[in-house]
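# Secondary and tertiary structure notes
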Amino acid sequence: MEPIVLVHGGAGDIPDSRDQGKHNGARAAARIGYRVLRETGSVLDAVEEAVKSMELDENFNAGYGSVLTLNETVEMEASIMRGSDIKAGCVTLLKDIRHPISLARMVMEKTPHNFLGGEGAMEFAAKQGVEILSPSGQLVTEIARKALDTFKKQRNQGIFQPGKTEIGQEAPTPGEVGTVGAVAIDREGRISVATSTGGITGKYVGRIGDTPVLGSGTYADDRFGGVSTTGHGESIMKFVLAKDIINRIAFQGANAQKATEESVKEMTKVTGGTAGAITIDKDEM
């Protein structure tokens, strides 16, 4: 059985100016994840390293390149999950941390909890020796600043389309530059999933999206499959998109492709928001 690594760099209205950078970054992340999986045999290592590579790439909305809150600050979130024992780590409201996905893994492996956020998550990071960038604001990019300016101008004009999930010069309305995620399965059918994001442009300070919420942004269960989602977080949360996809595999016998397509379409029908997902099912091989 051949190991598989899938990655995504966001779903939505991608302008031409951002297309090539996203393709290059996604290809690089997939290669990194696959190499790590072949070398270490660890699906958890594979998805973490794939996501870390995209957290360093301004073409994506995670780590460096994250979008801005209304206060022009970066607040990030991430989650990671291992399907063999459904252990997970989730973090939110992170500031000035280069790799939120690695902190999420630390939560999974070094605490009795699933989820840490805000001040507590930052304190935990400091105790674990995670670098907190100083001075603050080093993760802010010019692209993110321009997207926030456009968002504010359009909001003042009464234009607001929360389903939009991309930014760029050609985009009619700004959203995010692409939540990132990875799903991997090894030769024995072990599955892990990782997802990381900066959220949505112009969000309130303290807003939490779907990415760190198990069953919404991330889910892994070796019995059925693994899913990482991207898109309009409020809609994904209400629909519990990742778990809905898994449930279609588990209870309806759908394969990964069918389960994902049907679930995403149903979510849009019910909520009006848009989304995408990458999925591996246990029978993928």
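Going by the structure above, here's the rest.
Model, not experiment: these values are computed from the prediction.

## What about the pattern of salt bridges?
- Inspection of every chain in the model, using the stated rule, returns 19 salt bridges.
- With its nearest N and O atoms 2.8 Å apart, the salt bridge here joins arginine 82 to aspartate 85.
- For arginine 82, a relative accessible area of 23% translates into the label partly exposed.
- Given the relative accessible area of 35%, aspartate 85 is considered partly exposed.
- Across the pair glutamate 188 and arginine 190 runs a salt bridge whose closest N-O atoms are separated by 3.0 Å.
- What emerges from the salt-bridge pattern is a single network uniting Asp45, Glu48, Arg105 and Glu109.

## Looking at helix H2 (residues 43-55)
- Along its 13 residues, H2 runs 18 Å from first to last C-alpha, staying within 8% of the 18 Å computed at 1.5 Å per residue.
- Those residues of H2 lying buried are Val43, Leu44, Ala46, Val47, Glu48, Ala50, Val51, Met54 and Glu55.
- Against the buried residues of H2 lie strand E1 (4-8), helix H1 (16-40), strand E2 (76-82), helix H3 (100-110), strand E5 (180-185) and strand E6 (191-197).
- Where H2 starts, the residue carrying a side-chain oxygen 3.4 Å from the main-chain nitrogen of leucine 44 turns out to be serine 42.

What counts, and at which threshold
- Residues numbered from 1 in each chain as written.
- Predicted model: local features only at pLDDT ≥ 70, side-chain atom pairs only at ≥ 80, totals over all residues.
- Heavy atoms only, no water.
- Salt bridge = Lys/Arg side-chain N within 4 Å of Asp/Glu carboxyl O.
- Buried < 20%, exposed > 50% of the residue type's maximum accessible area, 1.4 Å probe, protein only.
- Helix = DSSP H or I, 4+ residues; strand = E, 2+ residues; numbered from the N terminus.
- Expected span 1.5 Å × (residues − 1).
- Contact = heavy atoms within 4.5 Å.
- Polar contact = N/O pair within 3.5 Å; in protein donor to acceptor, adjacent residues only side chain to side chain.

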